Amino acid sequence: MYTKELDEQLFHQRENNQTHSDYNDEFAVYELIINGEVEKLKSYKFNLDAEDKGTLSYDPIRNLRYHLIIAIAIISRMCIENGMDKEIAFSISDIYIRKCDICNTKQGIIDLHRESILDFAQRMKKETKKGLYSRHVVEAREFINTHLNGKLSVNIIAEEINISPNYLSGIFKSETGVAISEYIRSAKLQEAERMLRFTDYSEADISEYLAFASCSHFINTFRKRIGMTPGQYRKANFRKNFKSE
């Protein structure tokens with residue numbers, strides 16, 4: 001335990017009249033984010049480099065970087081608690097933390113902080129429009145999105161989250177507007193699109209990975225939904241806009 005070091009720091013802060021920023025001020029920003037208040041946030045002044053944020057490193061750039069990483073970690077978890085899909089929130093968090101890791105200018109980190117806040121807020125605005133889902137629907141969506149490489153059905157998901165299949169089917173359709181089978185199909189096809197754009201896996205490999213009944217079933221399902229075969233889609237989109245994505 002760093003009791004001596006803690007005492008010295010508290011003494012130094014009192015002598016220099018230094019205090020950390022008010023948690024209520026930070027929470028006000030988090031509230032705007034989780035409520036999707038994009039326009040209000042656009043005009044908000046974010047003080048990532050304010051002196052009352054505390055010193056996490058004596059290197060000014062590294063200090064800013066640490067504060068941004070903490071902010072992103074908190075925001076992503078608050079968004080999850082308020083309806084954002086867990087895998088999406090953590091993936092966005094990972095993307096911005098990686099960007100932060102290679103950013104070496106004060107203004108660049110400040111701009112990245114603002115960009116990440118607006119990104120999360122815009123996504124939460126869409127979640128708000130869709131409405132907050134019940135715990136069982138959130139759990140079902142998370143299970144689907146993290147098990148796309150396996151066989152999925154109402155019975156399997158209902159057993160995992162410990163409710164009856166009929167009840168799950170009813171609340172899922174009522175809250176999301178789509179049947180759970182349709183949601184599974186759409187999620188698998190979205191993953192197939194990503195794999196066709198950014199990997200070299202063959203159609204057969206993708207079909208097997210996403211647990212389609214057969215490669216021909218995968219191709220037919222993809223063509224009906226997307227309007228072209230997986231091969232045609234890959235030819236038109238393979239690593240297109242790779243840097244931006």
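Residues numbered from 1 in each chain as written. Predicted model: local features only at pLDDT ≥ 70, side-chain atom pairs only at ≥ 80, totals over all residues. Heavy atoms only, no water.

On to the confidence of the model for the protein chain, then. In the predicted model, the protein chain carries a mean pLDDT of 84, and 82% of its residues have values of at least 70. Note that pLDDT drops below 50 for residues 18-23; the model gives that stretch 10 contacts with residues more than four away or on any other chain. The model gives residues 241-245 a pLDDT under 50, and that stretch makes 3 contacts with residues more than four places away or in other chains. (pLDDT = per-residue confidence, 0-100. Contact = heavy atoms within 4.5 Å.)

This brings us to a nonpolar patch on the surface. Among the surface-exposed residues, Leu56, Tyr66, Ile70 and Ile74 lie close enough to one another that they form a single nonpolar patch of about 320 Å² accessible area. Residue classification places Tyr66 among the partly exposed positions, given a relative accessible area of 35%. (Patch = residues over 30% accessible without salt bridge, like charges linked within 9 Å, V, L, I, M, F, W, Y side chains within 5 Å. Areas by Shrake-Rupley, 256 points an atom, 1.4 Å probe, with all protein chains shown as cover. Salt bridge = Lys/Arg side-chain N within 4 Å of Asp/Glu carboxyl O. Buried < 20%, exposed > 50% of the residue type's maximum accessible area, 1.4 Å probe, protein only.)

Under the defined criterion, the tally for this structure stands at 7 salt bridges. With a shortest N-O distance of 3.4 Å, Lys42 and Glu39 are connected by a salt bridge. Within this pair, Lys42 and its partner Glu39 are both found in helix H3 (residues 38-42), separated by 3 residues, close to a single helical turn. The class of Lys42 is partly exposed, set by a relative accessible area of 41%. The closest approach of N and O atoms between Glu139 and Arg135, which form a salt bridge, is 3.1 Å. Of this pair, Glu139 and Arg135 both sit in helix H7 (residues 135-145), separated by 4 residues, roughly a single helical turn. Given the relative accessible area of 54%, Arg135 is considered exposed. Ionic contacts of the salt-bridge type, sharing partners, join the residues Glu182, Arg185 and Arg225 into one network. (Helix = DSSP H or I, 4+ residues; strand = E, 2+ residues; numbered from the N terminus.)

Looking now at helix H9 (residues 165-176). Along its 12 residues, H9 runs 16 Å from first to last C-alpha, staying within 8% of the 16 Å computed at 1.5 Å per residue. Of all the residues in H9, the buried ones are Leu168, Ile171 and Phe172. When H9 is viewed along its axis, its buried side chains cluster within an angular range of 105° and face the same direction. Exposed and facing more than 90 degrees away from the buried side of H9 are Asn166 and Ser174. On its buried face, H9 is in contact with H7, helix H8 (154-161) and helix H10 (180-198). (Expected span 1.5 Å × (residues − 1). Arc of directions from axis to C-beta.)

So, about the side chain of Lys188. Within the secondary structure, Lys188 is located in helix H10. The buried charged residue Lys188 lacks any salt bridge, with Glu191 as its nearest oppositely charged partner at 10 Å. Within the local environment of Lys188, its side chain forms a polar contact with the backbone oxygen of Leu148, the two atoms lying 2.6 Å apart. A polar atom in the side chain of Lys188 sits 3.0 Å from the backbone oxygen of Gly150. (Lys, Arg positive; Asp, Glu negative; His and termini not counted. Polar contact = N/O pair within 3.5 Å; in protein donor to acceptor, adjacent residues only side chain to side chain.)

Right, let's talk about the packing of H10 against helix H12 (residues 215-226) for a bit. At a minimum axis separation of 11 Å, H10 and H12 run at an interaxial angle of 95°. Comparing their axes, H12 and H10 come out roughly perpendicular. Here Glu182, Arg185, Ser186, Leu189, Ala192, Glu193 and Leu196 of H10 lie close against H12, whose contacting residues are Phe218, Thr221, Phe222, Arg225 and Ile226. Here the residues of the contact of H10 with H12 sort into 6 nonpolar, 2 polar and 4 charged. (Axes fitted to C-alpha atoms, helices over the stretch in contact; angles between N-to-C directions. Parallel < 35°, antiparallel > 145°, perpendicular 65-115°, else oblique. Nonpolar A, V, L, I, M, F, W, Y, C, P; charged D, E, K, R; others polar.)

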